[in-house]
Amino acid sequence: MTAERRDFRVAILGAGFGGLGMAIRLKQKGIEDFVVLERDAEVGGTWWANTYPGCQCDIPSHLYSYSFALNPEWTRTYPLQPEIRDYLRECADRYGVRPHLQLGCAVQEAEWDEGERKWRLQTSDGTYTADIVIAAPGALSEPRIPNLPGLEDFRGTVFHTARWNHDHDLTGRRVAVVGTGASAIQTVPRIQPIAEHVTVFQRTPPWVVPHRDRPLTRFEHALYKRLPAAQRMVRAAVYFGRELLVTGLAYRPKLMKGLQRAAEAHLAKQVPDPELRAKLTPDYVLGCKRILPSNAWYPAITQPNVELVPSGVTEIRPEGVVGADGVLHEVDTLIFATGFHVTDVPFAQFIRGRDGARLDDLWQGSPAAYRGASVPGFPNMFWIVGPNTGLGHNSMVFMIEAQINYLLDALETIDRTGASEVEVRRDAYEAYNTHLQSRLDGTVWNTGGCSSWYLDANGRNATIWPDFTFRFWRQTLQFDAPAYELSGVSGRGTRPQGRREAAPISG
Ligand code: N01
C-alpha cells in the first residue's frame, strides 16, 4: 500500500488494541491520511506477541472488546489469547484498516523537525514523516530478563513467556520458571502435566482468587447474536461490578481485607500442607500487586513433580539455576516469567523532541504525561496507554477508548484552528501530575507493602490511574485546549513565513 508514500498527516506507532482502535476511529471519522507502523507481522500487540500456553485475559470477555465492536462469539467468560488475537485481526479487516498498515516496520527513532514542524521517523523500512505522531507502543511490550550472573553460559534453552519458543517441546523436560506473576500462574499449570519436573522460583507470592471462567453456552451465544442489547447489559454490569473494587484499591485499602479473606480461603482449600501454604501466603495487602484469578495455580504447585523455591535467583550455572538459599537446581529449560520494562520505557530513548531533547532524559525512568497523553517539549505527539493510565482491576480497552476520544478531539481542534504545533503547557503538566501523585498517596498500590511494576525505581507510581475509570472517561471526553500552546494558528498571523500550511486532517 503505502510503500511509496512516506509523508502522512498522522502516524500511529503500534497496532495493538490502542493503535488499531485509533486507526479504526479515524476511518470512522472519514480521516484517511494516516499510517500505522507496527513492528510485528500482524496486528494485535500484546495479544499477538504473547503465545505462552495458558495465555488468557483475566478481564471478562464481554468487557474485553471495543464498545463499537462487541463480540458475541467469545467462547468463554474470560477470553483466550488466540481468540483476542483473531478478534483484533477481524476488526482490522472489518473496519478497512489494512491499507493503512505497515507491518514488520519497527520505529527506531522519532525526531521532531523544528523547521518542518514534523516528526521524522527512522524505521526498519526507511524514513517516514508525519505532522502528528500517536505513540501506542503498549506498556507491556518489552520483555524484561534479569541480568543474572552466568546466564550466557547456561547449557539449556532459555526464553521469556512473551517470546515463547514453540519449537522447544517441554515434554519430559526439567524446567525452571522464574517469577510468579500473571503470566507464570497461567502457564505453569500447562507445563506441569508434560514436564518431568518444574522448579518455580517465587520471589514474592501473588494473591490468587477463585476464577469464574467457564464456557459460554449455546443459549448465551444465540442471545447475544440476536439481542446485542443483552450483551451490552452484561458488559455494563461487569464494568460497574469491577469498578466497585476502586473503593478499596484507591480510597480505603482496608476494605481489601474482605477479598483477602476469600483469597486466603481459596489457598487453604487448595493447599492442605501448612508448610507449603505458608510459602504461598503473601505478606502485603491484596490489590497492591495485580489480583490473579486461578483455580489451577495452587493444584499445579502441589503436584509431586513441582518444587516451589520461595526465593529469587542469584546465579545461573551451565547446568541449572541457583536460588537465594545457594542450592543448585539442575534444569535443561529456563523460562523467564519476569514481566516487562514498564516504567523504564525503552522506546523513550529513541524519541527526540524540541532542541533534540530525549524523552528518556526528561523522564529519567519515571514517566509522566498530561492526561496520559502529552509531554511538554514534545509537540504534536500524543500517547495511548501513556503514563498513569494503567489499571489492575478493570478493562484497559475502556481506558484506551477514553484516550482515543481525547485524541480525536485534539485532532479536530488542530484541524479547526489550523495550528501547526500543539504542545502541552508545562504548568498544566506539572499541576496535573502533582494532583495525580497526591491521589496515589493513600492507595493500596502505594501503601500496600509490596514492590510492583506499577512503581518506578524510586518508588513513584508512574503507571496506575488512581480513581474510578469513569472519571478518566469524563476528563478525556474533550480536548482541553487551554492546557496547550497552539502555535502557527492560521488566521491569527502567528504562522512564520515560509512554513507550510497544516493540511486538514479530515476528509
Ligand atoms: O509479569 P509480572 P507478568 N528474580 O511483572 C518476578 C499483564 N498480564 O508477565 O513479585 C526472581 O507481573 C517477580 O517477582 P516480584 C498483567 O497486567 C495480563 O506475569 O517482583 N523473580 C514476579 O513474580 C500483569 O500484571 C494477563 O518479587 C523475579 C514476576 O517475576 C503484567 O502483564 C496475563 C525477578 C514478574 O511478574 C505482567 O505480568 C499475563 C528476578 N530477578 C500478563 N525479576 C491477563 O490475563 C522479576 N521476578 C490480562
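For every chain, the first residue of the written sequence is number 1, and numbering continues from 1 onward in sequence order. It should be noted that, the model being predicted, local features are given only for residues of pLDDT at least 70 and side-chain atom pairs only at 80 or more, the latter also being counted only at that level, while totals for whole chains, interfaces and linings use all residues. Hydrogens and water are ignored here; the side-chain numbers use all heavy atoms of the structure.

## Here we look at the domain arrangement of the protein
Right, so step 1: As assigned here, the protein comprises domain 1 (7–142 + 343–487) and domain 2 (151–214 + 224–231 + 251–336).
Right, so step 2: Delimitation of the domains relies on an automatic or database domain assignment. For domain 1 versus domain 2, the separation of C-alpha centres amounts to 29 Å.
Right, so step 3: Listed as interface residues are 38 residues of domain 1 and, on the opposing side, 29 residues of domain 2.
Right, so step 4: Of the roughly 2,900 Å² buried between domain 1 and domain 2 on both sides combined, carbon and sulfur atoms contribute 49%. Residue contacts are defined here by distance: any two heavy atoms, one from each residue, within 4.5 Å place the two residues in contact. Defined here as a combined quantity, buried area equals the accessible surface (1.4 Å probe) lost by two parts on assembly, summed across both.

## So, the sheet that holds strand 15 (residues 328–330)
Hydrogen bonds along the backbone pair up the strands of a sheet, which may run parallel or antiparallel.
Right, so step 1: Strand pairing requires that DSSP identify at least two bridges connecting the strands. Only DSSP runs of H or I covering at least 4 residues are called helices, and only runs of E covering at least 2 are called strands; the numbering of each starts at the N terminus. Taking strand neighbours across the sheet as the criterion, the three strands line up as 13-14-15 in an open arrangement whose pairing is antiparallel. In this open sheet, the two strands that pair with only one neighbour each are strand 13 (313–317) and strand 15. On average, adjacent strands in this sheet sit at an angle of 25° to one another, irrespective of strand direction.
Right, so step 2: Direction of pairing for strand 14 (residues 320–323) relative to strand 15: antiparallel, over a ladder of three bridges. Bridged to V321 within strand 15 is H329. For helices, the fitted axis covers only the stretch in contact; all axes are lines through C-alpha atoms, and the angles between them, taken along N-to-C directions, range from 0 to 180 degrees.

## Section: the packing of helix 5 (residues 218–226) against helix 6 (residues 228–243)
Right, so step 1: At their nearest, the axes of helix 5 and helix 6 sit 4 Å apart, and the two run at 110° to each other. The orientation of helix 5 with respect to helix 6, classified from their angle, is roughly perpendicular. Residues L223, Y224, K225 and R226 of helix 5 form the contact with helix 6, whose participating residues are P228, A230, Q231 and V234. Orientation is classified from the angle alone, with under 35 degrees giving roughly parallel, over 145 giving roughly antiparallel, 65 to 115 giving roughly perpendicular, and any other angle giving oblique.

## Focus: the sheet that holds strand 8 (residues 174–178)
Right, so step 1: Read from one edge of the open sheet, five strands run 7-16-8-9-12, paired in parallel fashion. Two strands close off the open sheet at either side, each with one partner strand: strand 7 (157–160) and strand 12 (306–309). The average angle at which neighbouring strand axes cross in this sheet is 15°, direction not considered.
Right, so step 2: Pairing geometry for strand 8 and strand 16 (residues 333–336), over four bridges, is parallel. When the bridges of strand 16 are listed, V175 appears paired with T333.
Right, so step 3: The strands touched by helix 4 (residues 182–191) are strand 8, strand 9 (197–201) and strand 16; relative to strand 8, the strand with the most contacts, the crossing angle is about 170°.

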